[in-house]
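Here are the chains, one letter per residue:
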Amino acid sequence: MSLLEAIVLGLVQGLTEFLPISSTAHLRIAPELFGWPDPGAAYSAIIQLGTVAAVLIYFRKDIVALVKAFVVGLVKRDPFGTLEARLAWFVGVGTLPIGICGLAFKKLIETQFRSLYVIAGSLIVLAVVLFVVEKRASHQRTVADMTWKDGILIGLWQALALVPGSSRSGTTLTGGLSLGLKREDAARYSFLLSIPATTLAGIFELKHLLEATQRPSTVALVVGTLVAFLSGMAAIAWLLSFLKRRTTLVFVVYRIALGVLLLGLLQANILKPMSGVENLATPEAPTKPPVEKQITD
C-alpha cells in the first residue's frame, strides 16, 4: 500500500465514519474506482481506531462523566441512580447485539457481504428507511428521556451496520429518531455508542493483522489512522452543528444516488462485484507444511 493510498483511505474513513453514508461502503468503493486492491476488512478496522480516538477526545468530558458515574454507582450500590450512570449501562447493553452478531457472521461480513451489489442495496434500502423514519419522528425526546428499552433497540439497530453499506452511524441515528429523539441527541448518543464497538473491532483485527505474514506497512497504518483521526474530528463537529438546523434529507439523497450509480457501474461491467475478493478476509498466517517422515533402513 502506497502512502497516497493510506492518506486517501484514511480521509475517506474519517469523513464517512460519522456521517450516515457508510464508511465501509466508501472504503470498498474508493479502491475500485482508483484501481487499487481492496485494503481488506482488517485494515479498515485498524484505521477505525483513528476515528475512535476522535470520539474519545471530542466527547472526553461526557466520557469521563459516564465512567465516573458508572463506578460511583457500583460503589454506592445504586448503579442506575443518575442519568450518566444509566447512559453508561445503555452504551454497554447496546454494544452486545453488534458484538454477538459480529462474531457469529464474521466470515460472511468479511467476504460475501462486501459484494458491491450488497453495498448498493444497503445504501438504497437504509436511505428509504431513514427517510420514512425522519418524516414520522417526533423529534421531541432527549438522551435524558432514554430508557432501557431505548438502549437495547438502538443497539439492535447498530447490529444492522454489520452489513456493508448500512452505516453504523446511519443505523443508530435512524434508531434514535424512530424512538423520538431529537436529531442532535440521536447523533450524540450514536457517537458514544460507537466507542466500544469500533474499539473492540480494531483491537480484534489488530491481533490477526500482526500475526499475518503479508500486511500493509506500519507507515501506511499509522498515516491512515492519523488522517482518519483528524478528518473524523472535523466530521463530528460538522454533523452535530448540521443536525441542529437541518434534516437528514441530504444524506438520504446522497445514499440513493450513490447506490444507483454503483448499480449502473456494475451493470456496465465497469466495476466487478467481488473484485479484490482475495484480500477481503482477515489475513492469516500460513500453516506450516507437514513434515515428511524419513524411512530409515
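Fair warning: this is a prediction, and the values are worked out from it, not measured in the lab.

Colleague: Please set out the overall build of the chain residue by residue, giving values where relevant.
Modeller: When you go through the chain residue by residue, the secondary structure sums to twelve helices and zero strands. Traced from its N-terminal end to its C-terminal end, the chain shows the element sequence α-α-α-α-α-α-α-α-α-α-α-α. For the chain, with 297 residues in total, the buried portion stands at 49%. A sequence separation of at least 24 residues applies to 81% of the contacts in the chain between residues at least 6 apart. As displayed, the chain has an accessible area near 14800 Å², and 68% of this comes from carbon and sulfur atoms.

Colleague: Give me the packing of helix 5 (residues 83-104) against helix 8 (residues 148-159): which residues, what numbers.
Modeller: Direction vectors running N to C along helix 5 and helix 8 enclose 30°, while the axes themselves pass 8 Å from each other. With respect to helix 8, the element helix 5 is oriented roughly parallel. The element helix 5 and its partner helix 8 pack so that their crossing is right-handed. Residues W89, F90, V93, G94, T95, P97, I98 and C101 of helix 5 form the contact with helix 8, whose participating residues are W148, G151, I152, G155, L156, Q158 and A159. Along the lines of polarity and charge, the residues of the contact of helix 5 with helix 8 split into ten nonpolar, five polar and no charged.

Colleague: Please provide a residue-by-residue account of the nonpolar core, values included.
Modeller: In terms of nonpolar packing, the biggest core is built from 39 residues, with F59, M146, Y189, F191 and I236 touching the most fellow members. Among the secondary structure elements, those contributing two or more residues to this core are helix 3 (40-58), helix 4 (60-75), helix 5, helix 7 (116-136), helix 9 (168-178), helix 10 (183-211), helix 11 (218-245) and helix 12 (249-267). In this structure, M146 is in contact with L87, F90, R141, G151, I154, L181 and Y189, ignoring residues within four places of it in sequence.

Colleague: Describe in detail empty space enclosed by the protein, supporting the description with residues and values.
Modeller: The rolling of a water-molecule-sized probe over the atoms marks out the regions of remaining empty space. Enumeration over the complete set of coordinates arrives at one cavity of 30 Å³ or more. Approximately 40 Å³ is the volume attributed to the largest cavity. Looking at the lining of the largest cavity, the elements with two or more residues in it are helix 9 and helix 10. Considering each element in turn, the lining of the largest cavity owes the most residues, three residues, to helix 10. Across the lining of the largest cavity, the residue classes break down as six nonpolar, two polar and no charged.

Colleague: Give me unusual backbone geometry: which residues, what numbers.
Modeller: Within the chain, R77 stands out as a residue other than glycine whose phi angle is a positive 55°. For R77, the position within the fold is in the loop between helix 4 and helix 5. On the accessibility criterion, R77 (78% relative accessible area) is exposed. With phi around 55°, H139 is a residue other than glycine that occupies positive phi space.

Colleague: Go over the layout of surface pockets, please, and point to the residues and values.
Modeller: Empty space within the largest pocket amounts to approximately 830 Å³. Together, 34 residues line the largest pocket, and Q48, I98, L162, A197 and A201 are the ones closest to its centre. When residues of the lining of the largest pocket are traced back to their parent elements, those giving at least two are helix 1 (3-17), helix 2 (23-34), helix 3, helix 5, helix 6 (106-110), helix 9 and helix 10. By residue number, the principal contributor to the lining of the largest pocket is helix 10, which donates six residues. When grouped by side-chain class, the residues that make up the lining of the largest pocket number 14 nonpolar, 14 polar and six charged.

Colleague: Which residues make up the packing of aromatic side chains, and what values do they have?
Modeller: Applying the stated criterion across every chain yields a total of twelve aromatic pairs. With centroids separated by 5.5 Å and ring planes inclined at 35°, the aromatic side chains of F59 and F191 adopt a geometry described as tilted. Of this pair, F59 sits in the loop between helix 3 and helix 4 while F191 sits in helix 10; the two residues are 132 residues apart in sequence, bridging distant segments of the chain. Classification of F59 by relative accessible area gives buried; the value is 1%. Judged by centre distance (5.3 Å) and plane angle (90°), the ring pair of F80 and W148 falls under edge-to-face. Taken together, the residues F80 in the loop between helix 4 and helix 5 and W148 in helix 8 connect sequence positions 68 residues apart. Of the residues examined, W148 reaches a relative accessible area of 32% and is grouped as partly exposed.

The rules behind the values
- Residues numbered from 1 in each chain as written.
- Predicted model: local features only at pLDDT ≥ 70, side-chain atom pairs only at ≥ 80, totals over all residues.
- Heavy atoms only, no water.
- Helix = DSSP H or I, 4+ residues; strand = E, 2+ residues; numbered from the N terminus.
- Buried < 20%, exposed > 50% of the residue type's maximum accessible area, 1.4 Å probe, protein only.
- Contact = heavy atoms within 4.5 Å.
- Areas by Shrake-Rupley, 256 points an atom, 1.4 Å probe, with all protein chains shown as cover.
- Axes fitted to C-alpha atoms, helices over the stretch in contact; angles between N-to-C directions.
- Parallel < 35°, antiparallel > 145°, perpendicular 65-115°, else oblique.
- Left-handed = near helix turned anticlockwise from the far one by under 90°.
- Nonpolar A, V, L, I, M, F, W, Y, C, P; charged D, E, K, R; others polar.
- Core = buried A, V, L, I, M, F, W, Y, C linked by side-chain atoms within 4.5 Å.
- 1 Å grid on protein atoms, 1.4 Å probe; cavity = no way out; pocket = protein on both sides within 12 Å on 5 of 7 lines; lining within 4 Å.
- Points joined across faces, edges and corners; volume = space filled by probe spheres on them.
- Phe/Tyr/Trp six-rings, centres within 6.5 Å; stacked < 30°, edge-to-face > 60°.

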